[in-house]
Amino acid sequence: MTERLPHRDIRLLDRMFIPGTLIGPFTQANPGLGGVCTFVGEVRSDTDVEALELSHYEPLTLPGMHELADRAFARFTLMGLLMVHRVGVMCPGEPIVCVSAAALHRRDAIDAVDFCMDHLKSAAWFWKREKRGGAWHWIEPREADHADLARWQA
Amino acid sequence: MAHHPRQRSIAVLVAPTGSAAVIRVVYLGKLADAAGKPVSEFASSSGDLDWPDLLALLDSHVGEGLADAVRDPRVKVALNGAVVSDREALVVRHGDEVAFLPPVSGG
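My aim in this report is to walk through the structure given alongside it, one point at a time. (Residues numbered from 1 in each chain as written. Chains lettered and ligands numbered in written order. Predicted model: local features only at pLDDT ≥ 70, side-chain atom pairs only at ≥ 80, totals over all residues.)

**Some remarks on the overall build of chain A**
Looking only at helices and strands, one finds 4 helices and 8 strands in chain A. In chain A, the succession of helices and strands from N to C terminus is β-α-β-β-α-β-β-β-α-β-β-α. A compact globule built from 154 residues should have a C-alpha radius of gyration of about 15 Å, and chain A, at 16 Å, falls within 12% of that. Projecting the C-alpha coordinates of chain A onto the three principal axes gives extents of approximately 60 × 35 × 30 Å. Every one of the 154 residues in chain A was classed for burial, and the buried ones make up 33%. The long-range fraction of contacts in chain A, counting pairs at least 24 apart against all pairs at least 6 apart in sequence, stands at 77%. (Helix = DSSP H or I, 4+ residues; strand = E, 2+ residues; numbered from the N terminus. Rg over C-alpha atoms; globule rule 2.2 N^0.38 Å. Buried ≥ 20, exposed ≤ 12 C-beta atoms within 10 Å, placed from the backbone. Contact = placed C-beta atoms within 7 Å.)

**Focus: the interface of chain A and chain B**
Listed by partner, the interface residues are 18 residues for chain A and 14 residues for chain B. Those elements giving two or more residues to the side of chain A that touches chain B turn out to be helix 2 (58-75), helix 3 (106-122), strand 7 (126-132) and helix 4 (143-150) of chain A. Residue contributions to the side of chain A that touches chain B peak at 3 residues, all from strand 7 of chain A. When grouped by side-chain class, the residues that make up the side of chain A that touches chain B number 11 nonpolar, 2 polar and 5 charged. (Nonpolar A, V, L, I, M, F, W, Y, C, P; charged D, E, K, R; others polar.)

**Considerations on the environment of His119(A)**
Residues and elements named next belong to chain A. Mapped onto the elements, His119 comes out in helix 3. On a C-alpha basis, the gap between His119 and Arg142 in space is 13 Å, while along the polypeptide they are 23 residues apart. Excluding anything up to four places from it in sequence, His119 contacts Leu68, Ala124 and Leu149.

Next up, the structure:
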């Protein structure tokens, strides 16, 4: 069998995207895979949240996602990795993140997605604020995020 | 930090021009609210600013209390796109971009 380079698609998007339009081609780009695992996160329809805004810092945010992808490839046996994150203003129900991993074996695909999501949620360079009652409120770091990260420290 | 007597830099806030001959300061997350804007640009007579210079400028030219918000040890500092390990040793020159990065939001 010839060596093939892992398929890798890491993006920041500033407008609405439809995860299905990314996942189909991603799966097609990894012929011979044994399993593909996909997570799509959407803006929760919490009672009084009107909108969510994610800001980022161009010189750090996308390079940080690439470093995270490097770590995922180093840690798991992957054929491909798709990692797409929204920035800008989003409404409840809109997709905010999509991570998909293709591998020969399911455990690598599932764990890689879990690993990437825990790090995207708590260690990536994104700042979030939500609009409630017409006013914007910044979202602070949560204790649970540290616990999520600690799962991968071994 | 070793203290050496030196003339305090005299810096002024300038209207954003996109010019390379200024020091650009970027405020992320809620620090943009504390600053009242996402970016400031400074021109300094001596050409470089150290950490105390920079904090003094934030309070005097951008927003009162901003220096205290930035002093929070959880706030990281990036110089030209790289997070610095010792922010108190920071020296900023014309053409540089400094970013103040508060803790990132959780899920």
